[in-house]
Amino acid sequence: MSEPAPARLGVLVSGSGTNLQALLDAELGAPVALVLSNRKDAYALERAAGAGVRTLVLDHKQFAGREAFDQAVVEALRAHGVTHVVLAGFMRIVTPVLLDAFPRRVINIHPSLLPLYPGLDAQQQALEAGALVSGCSVHLVDAGVDSGPILAQAVVPVLPDDDLERLRARILAEEHALLPWVVRAWVAHPLVATPRGLALGGGHPVPRRDGALWSARVVEG
Ligand code: GRF
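Everything in this summary refers to the structure shown in the same document. (Residues numbered from 1 in each chain as written. Predicted model: local features only at pLDDT ≥ 70, side-chain atom pairs only at ≥ 80, totals over all residues. Heavy atoms only, no water.)

1. Observations concerning the pattern of salt bridges
Note the following rule: Salt bridge, as used here, is a side-chain nitrogen of Lys or Arg placed within 4 Å of a carboxyl oxygen of Asp or Glu. Throughout this description, buried means an accessible area under 20% of the type-specific maximum (1.4 Å probe, protein chains only), exposed means over 50%, and partly exposed covers the range between.
One pass over the structure, following the stated rule, counts five salt bridges. One salt bridge in this structure joins K61 and D59, with 3.5 Å as the shortest N-O distance. Here K61 falls in the exposed class, since its relative accessible area comes to 63%. Taking the relative accessible area as the measure of exposure, D59 reaches 22% and is therefore partly exposed.

Right, here's the structure in full:
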């Protein structure tokens, strides 16, 4: 039997790309082979170029629909040998065209404790709900909005004097640590089905953090 292709990451972005930067700065065990943006003015593109990573802009408005756009995305990812896809601030709903091309190989980072507060303005939603904790989630992507199986979460307290900016910054700091940690495990070991849901393989212990609680389902497999 032939060996599986070595892992290569494709990162999809739309904005400032601080999560992309965290990936570029981390030791992931796999190279970032392509950064693809649907917006040509995304600062994430400059971050990628600064790290010597290939970039591509595909403007979704130039395509007939979501499927046609996703087909072009799939072709670009394949052309760069991408095996694992990370949505890092990518502001598009993806379709089965992308998901079926990369089964169990598309993950997303979202700034809430899913399934709470999916969609836009998750931090604002948490504040408006009067939540006492929020956080971030890394999940496998399905065709819904922030609805796929959860792989890891970081719990961040909402402090009495928090405003949107402070809460967003505190959650973002956890995103920047949690996402690379998940990606490192995910590219090294296939996800494992367990009775409680999908788990990361490799048996790595979940790091202990100051000021935030991380939780992830991890098995030896
Ligand atoms: C992050 O909060 C991420 O969780 C959400 O969009 C934001 C993107 O930020 N999906 P950045 O582009 O990584 O700075």
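2. Some thoughts on the site of the ligand
Definition in use: Here a residue counts as near a molecule or strand whenever at least one of its heavy atoms sits within 4 Å of it. In protein, a polar contact means a hydrogen-donor-capable atom and an acceptor-capable atom, both N or O and within 3.5 Å, with residues adjacent in sequence counting only if both atoms are side-chain atoms; elsewhere, any N or O pair within 3.5 Å suffices. Here, Shrake-Rupley sampling with a 1.4 Å probe gives the accessible areas, and only protein chains in the shown set may cover a residue. Cavities and pockets were defined on a 1 Å grid built over protein atoms only: a cavity is a set of grid points that admits a 1.4 Å probe from which the probe cannot escape, a pocket is an open set flanked by protein on both sides within 12 Å along at least five of seven lines, and lining residues are those with an atom within 4 Å of any such point. Should more than half of a molecule's atoms lie within 2 Å of a pocket's or cavity's grid points, that molecule is taken to sit in it. A run of H or I in DSSP counts as a helix once it spans at least four residues, and a run of E counts as a strand once it spans at least two, with each numbered from the N terminus. When residues are sorted by character, Ala, Val, Leu, Ile, Met, Phe, Trp, Tyr, Cys and Pro go into the nonpolar class, Asp, Glu, Lys and Arg into the charged class, and all the rest, Gly among them, into the polar class.
The immediate surroundings of the ligand are formed by S16, G17, T18, N19, G89, I109, H110, P111, L172 and E175. With respect to the ligand, the side chain of S16 contributes an N or O atom lying 2.7 Å from an oxygen atom. In this structure, an oxygen atom belonging to the ligand sits 2.6 Å away from a side-chain N or O atom of E175. When isolated, the ligand has an accessible area of 370 Å², and the protein chains bury 83% of it. According to the grid-proximity analysis, the pocket containing the ligand is the largest pocket. Where the shell around the ligand is concerned, the elements lending two or more residues are α1 (18–25), β5 (106–110) and α6 (164–188). Considered class by class, the residues forming the shell around the ligand number three nonpolar, six polar and one charged.

3. Brief notes about the side chain of R47
To keep things clear, this is the line we draw: The charge count includes Lys and Arg as positive and Asp and Glu as negative, but it does not include His or the ends of the chains.
In this structure, R47 sits in helix α2 (residues 43–50). One buried charged residue, R47, forms no salt bridge at all, with the nearest opposite charge on D25 at 7.1 Å. Reaching out from R47, the side chain makes a polar contact with the backbone oxygen of G17 at a distance of 3.3 Å.

4. Section: the sheet that holds strand β4 (residues 84–87)
Picture the strands of a sheet paired through backbone hydrogen bonds; they go either parallel or antiparallel. This is how it is decided: Strand pairing is assigned whenever DSSP identifies at least 2 bridges connecting the two strands. Axis geometry follows a simple rule: fit a line to the C-alpha atoms, using only the stretch in contact for helices, then measure angles between N-to-C directions, giving values from 0 to 180 degrees. Contact definition: two residues touch when any of their heavy atoms are within 4.5 Å.
Across the sheet, eight strands lie side by side as β3-β2-β1-β4-β5-β6-β7-β10; this open sheet has mixed pairing. At either margin of the open sheet sits one strand with a lone partner, and together these are β3 (55–57) and β10 (213–216). Each strand axis lies, on average, 15° off the axis of its neighbour in the sheet, ignoring direction. Note that strand β1 (residues 9–13) and strand β2 (residues 32–37) share five bridges and pair parallel. The residue of β2 that forms the bridge with L12 is L36. Along the sheet face, α1 touches β1, β2, β4 and β5 and points at about 160° away from the line of β1.

5. Quick notes on the packing of α1 against α6
Put simply, the rule reads: Small angles under 35 degrees read as roughly parallel and large ones over 145 as roughly antiparallel, with 65 to 115 read as roughly perpendicular and the rest as oblique. In this scheme the crossing of two helices becomes right-handed for a clockwise turn of the near helix relative to the far one and left-handed for an anticlockwise turn of less than a right angle.
At a minimum axis distance of 9 Å, the contact between α1 and α6 shows a crossing angle of 45°. Overall, the two elements α1 and α6 adopt an arrangement that is oblique. Remark: the crossing between α1 and α6 carries right-handed chirality. Together, T18, N19, A22 and L23 of α1 and L172, E175, H176, L179, P180 and V183 of α6 make up the contact between the two elements. A class-by-class count of the residues in the contact of α1 with α6 yields six nonpolar, three polar and one charged.

6. What to know about the packing of helix α5 (residues 122–129) against α6
Contact pair α5 / α6: the axes reach a minimum separation of 10 Å and the direction vectors enclose 120°. Considering the angle they form, α5 stands oblique to α6. Between α5 and α6 the crossing geometry is right-handed. Residue-level contacts link Q123, Q124 and L127 of α5 to L164, L167, R168 and I171 of α6.

7. Topic: helix α3 (residues 66–79)
The criterion, for reference: Every helix has an expected span of 1.5 Å times one less than the residues it contains.
Spanning 14 residues, α3 covers 20 Å between terminal C-alpha atoms, matching the ideal 20 Å at 1.5 Å per step. Listing the buried residues of α3 in full gives F69, D70, A72, V73, V74, A76 and L77. Where α3 is buried, its residues touch β1, β2, β3, β4 and α4 (96–101).

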